[in-house]
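Letter by letter, the chains look like this.
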Amino acid sequence: MSTILKTEKLDVSEEQHIVAVRQAVRRLALEIKLSLVDQTKIVTAASELARNLLIYGGGGEVILRTLSAGIRHGLKVEFIDEGPGIEDLELALRDGFTSGGGMGLGLGGAKRLVNEFEIDSAPGRGTRIGITRWK
Amino acid sequence: MDRIPILTMGQFLLVTIQVDMHDRLAMALQDDLTTRITTSRAKGVLIDISSLEIVDSFIGRMLGNISSMARVLGAEAVVVGMQPAVAITLVELGLSLDGVHTALDVEKGMQLLRRYIGAEFEESLSDVDDPEN
Amino acid sequence: MSLSKLSEILNADRTRLLAEWVSYQNESGQVRGDLITERELTRESEQFFELLREALGRESSAELHRPGYKGVRDFLGELSRSRSRLGFTPSETALFILSMKRPVFGAVQRAFAGDAAGQAAALWMATELLDNLGLFTMETFMEAREEVIKGQQSDMLELSTPVVQLWDGIVALPLIGTLDSNRTSIVMETLLQVIVQTRSEIAIIDITGVPTVDTQVAQHLLKTVAAARLMGADCIISGIRPQIAQTMVHLQIDLGNVITKATMAEALRTAMHRSGFVVTRKSAGGLLHQK
Ligand SMILES: Nc1ncnc2c1ncn2[C@@H]1O[C@H](COP(=O)(O)OP(=O)(O)OP(=O)(O)O)[C@@H](O)[C@H]1O
Ligand SMILES: [Mg+2]
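Below is a short write-up of the structure. Because the structure is predicted, anything quoted here is derived from the model rather than measured.

Now for the site of ligand 1. The environment of ligand 1 is made up of 21 residues, and the closest members are A:N52, A:Y56, A:T98, A:S99 and A:L105. Near ligand 1, the surrounding residues belong to chains A and B. Between ligand 1 and the protein, one listed contact pairs an oxygen atom with a backbone N or O atom of A:G104 at 2.9 Å. The separation between an oxygen atom of ligand 1 and a polar main-chain atom of A:L105 is 2.8 Å. Notes on ligand 1: free accessible area 610 Å², of which the protein chains cover 94%. Only α2 (36-55) and α4 (106-113) of chain A together with α2 (57-72) of chain B provide two or more residues apiece to the shell around ligand 1. Considering only residue class, the shell around ligand 1 consists of seven nonpolar, eleven polar and three charged.

Spelled out as C-alpha cells, the structure:
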C-alpha cells in the first residue's frame, strides 16, 4: 500500500504544454530524490505520452503524484484523454507500430522506461495511461 | 517565435541547444539548418546537446533527419556531448540513431568532421578557432 | 473533544509533564548517555513539546501529513535521522515518543477528573496522536538506516569496479566476479561517466574475470556499448572465454557490430591503433642490454 504525498494537475491542449509536463515531472522526481538516470527515464517516458495525448487523444489532463510506500518513494504520472481510444493495445505497444508518421517507439519505449505501466483504452472511450517510477 | 542560433565556424556550422525545446522549435531548427547548409555551403554541422537533459523520440528523429539531410546536401553532421543518463535512456527507449555521427565534445566533433571531409579543407580550417594549430 | 483542548491540557501541565517525560526517558535505562547528554535531551524534549503544542492548536486531526504538523515532522525527522547516524537502536529512538505516553495520560486524567466519557475520548485522541508520532519516528529512522546501507553498498560496488585510464583517450573496465543486473547497471553508469570525465573515445570492457554471462547481463553490456556510441565513444569487449562465447551463441545474443578481442592486450593494441598511436620497440631487446 502506498500513500499519496502530493498531487498536481496539468492541462495539455497545446504543444508548449509538453514542455511544462517534462518540467513538472523533473521537479517532482528531484523532490523524491530519484537518481539522475531514473529522473531522465521518467521525464522521457512522460514526454512521449504527453505528445501522444495531444496528437492522438486531442489533448487531455496529466496528473502527477508523489507516493510513499513505507521507506520507498515513487512518482506516478497519469495521462487521461477523451479521444478516439486505441483499438488494438497489443499492436499499439509494439515497437515500430505507428498510425501517424512516427517511429512507433513512444508507447513501448515509455513502458520500458518505468517500473509500472498501466493502460486502459477502448475505441470511443478515450485513453488512460499510468506510469510509475520507484526510488 | 524563438529560434535557436546557428554559428558559422569556417567550413562548419555550430548549434548549441541549451533550452528544453518544444516540438515546433525543433522543427524550426531542422529547417533553418538545411537552409543554412545550402546558403553557406558548409561541409559539416556540429550539434552540441551537452546541456540537453532528455532526448525523446521526437528530438531523436530530428537529429536523425538533420544528419540525413546534411548528407544529401554534401555535408556531414555530428551530434556532440550527449550526457550518460540521456544516452542510457535513449537506448532503453529503443532509439539507436544509426547513421548519426557522434563525438564526446565540440573539439572531438571537429576532428571527426575534418577526417570525414578530407584534407582539402585543412587549409581553410587552420585560421579558425582550432587549439591544435 | 478537540485537539486544541488537548493542547490546552498539555500547556496547563507543562512543567510537570516535561519533568516527568525527561525523567521517564532517563529512568528507562535506554537513553544512550554515551551518545547524548542530559542537557541535550532536556533541550530536545522542550523544543519538541512546544512544536507539538503549537501544532495541536492549529490542526483538527491526528494525521501527521497535514500542513500544521510540518514543524513537528521536520523536528522528529531530524531527530530520528541523527539518532540513526549516531548509532541508536530503533527502540532507543522510539523511546523519545513512547515515554511521553504516561505523562500525557496522567495530565489527561487529572484534567478530566470525574468525567469518564471526556477522559476516554481524550485518551483515545492522545493515543492515536502518539502512535502516529511513534510510527513516523520509526519510518524516518529506517529510511535513514537504509540510506546509510545503500551508500555503503554503492561505495563497495564502485570500489569493486575501478575504471582505469590505460592511455590518453583509452579507459578500461576490468570486470571481476559475478555480474547481477543491479551491479552491471551501476558499473556501466560509472564507465560512461568516466568516459566523459577523461574524454576517452575508446573503452575496453574486459570480462576475463566474469564466470558466467546470462542474457540479462549480456543485454546490459550491449546497451552500454550502444549508449557509449551515442556519446561518441567506442567500446571493445575483451576476455570472452570460449565457454562464455558458447553460452552467448546458445542464448542467441548477437554481438554483431561490437568489437570483441580475446585478450585485454589485443584490445589495447586495437585501441592504440584506432587512436593513431604507433607502438614500436626501439631495437631488439633494447633496454635490457644497455649498460
Ligand atoms: N492517447 C492515444 N489515443 C489514441 N491513440 C493513441 C494514443 N496514444 C497512442 N496511440 C496510438 O498508438 C500508436 C503508437 O504510439 P507510439 O507513441 O508508440 O508511436 P507514435 O506516436 O506513432 O510514434 P513515436 O512516438 O515513435 O513518434 C499511435 O500511432 C496511435 O495510433
Ligand atoms: Mg508517440
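That covers the picture; the talk isn't over yet.
Attention now moves to unusual backbone geometry. Of note in this structure, A:K33 is not a glycine but carries a positive phi near 60°. Along the polypeptide, A:K33 turns up in the loop between α1 (16-31) and α2. Using a relative accessible area of 60% as the deciding quantity, one classes A:K33 as exposed. Unusually for a residue other than glycine, C:R199 sits at a positive phi of about 50°. Looking at where C:R199 falls in the secondary structure, it is placed in the loop between α8 (181-198) and β3 (202-209). Classification of C:R199 as partly exposed rests on a relative accessible area of 33%.

A:F79, B:I17 and C:I195 are the most contacted members of the largest nonpolar core, which has 106 residues in total. Filtering out sequence-adjacent residues up to four positions away, A:F79 remains in contact with A:V21, A:A46, A:L49, A:A50, A:L53, A:E61, A:V62, A:T127, A:R128, A:I129 and A:I131. Residues C:V72, C:M100, C:V108 and C:L130 belong to the second largest nonpolar core, which totals 32 residues.

Once that is clear, we can look at the interface of chain A and chain C. Facing five residues of chain A, the contacting portion of chain C comprises six residues. Taken together, the two surfaces of chain A and chain C that pack against each other cover about 480 Å², and 54% of this comes from carbon and sulfur. Interface area lost by chain A to chain C is led by A:V37, A:I71 and A:K135, which between them contribute 71%. In this structure, the connection of chain A to chain C is made through zero salt bridges. Counting the contacts that link chain A with chain C gives zero residue pairs in polar contact (both at pLDDT 80 or more). Residues of the side of chain A that touches chain C, tallied by class, amount to two nonpolar, two polar and one charged.

Time to look at helix α3 (residues 84-93) of chain B. All names here are of chain B. Of all ten residues making up α3, ten are buried, and the element is well covered by its neighbours. Within the sequence span of α3, burial applies to P84, A85, V86, A87, I88, T89, L90, V91, E92 and L93. The first or second residue beyond α3 is G94, which carries a positive phi of 110°.

Before going further, it helps to examine the pairing of strand β2 (residues 12-16) of chain B. Residues and elements named next belong to chain B. The element β2 is extensively covered by neighbouring structure, given that four of its five residues are classed as buried. The sheet contact formed by strand β1 (residues 6-9) and β2 spans four bridges and is antiparallel. From the neighbouring strand, I6 faces β2, where its bridge partner is V15. Hairpin connection of β1 to β2: two residues between the antiparallel strands, including G10 at a positive phi of 60°. In this fold, the crossover linking β2 to strand β3 (residues 44-48) by way of helix α1 (residues 23-40) has right-handed handedness.

This part takes up a nonpolar patch on the surface. Residues and elements named next belong to chain C. A cluster of nonpolar side chains, V164, L166 and W167, forms an exposed patch at the surface whose accessible area comes to about 240 Å². Tracing the chain through its elements places W167 in strand β1 (residues 164-167). Judged by relative accessible area, W167 falls into the partly exposed class, the value being 42%.

About the criteria used
- Residues numbered from 1 in each chain as written.
- Chains lettered and ligands numbered in written order.
- Predicted model: local features only at pLDDT ≥ 70, side-chain atom pairs only at ≥ 80, totals over all residues.
- Heavy atoms only, no water.
- Near = heavy atom within 4 Å.
- Polar contact = N/O pair within 3.5 Å; in protein donor to acceptor, adjacent residues only side chain to side chain.
- Areas by Shrake-Rupley, 256 points an atom, 1.4 Å probe, with all protein chains shown as cover.
- Helix = DSSP H or I, 4+ residues; strand = E, 2+ residues; numbered from the N terminus.
- Nonpolar A, V, L, I, M, F, W, Y, C, P; charged D, E, K, R; others polar.
- Buried < 20%, exposed > 50% of the residue type's maximum accessible area, 1.4 Å probe, protein only.
- Core = buried A, V, L, I, M, F, W, Y, C linked by side-chain atoms within 4.5 Å.
- Contact = heavy atoms within 4.5 Å.
- Buried area = accessible area lost by both parts, 1.4 Å probe.
- Salt bridge = Lys/Arg side-chain N within 4 Å of Asp/Glu carboxyl O.
- Pairing = 2+ DSSP bridges.
- Right-handed = clockwise from strand over helix to strand, strands pointing away.
- Patch = residues over 30% accessible without salt bridge, like charges linked within 9 Å, V, L, I, M, F, W, Y side chains within 5 Å.

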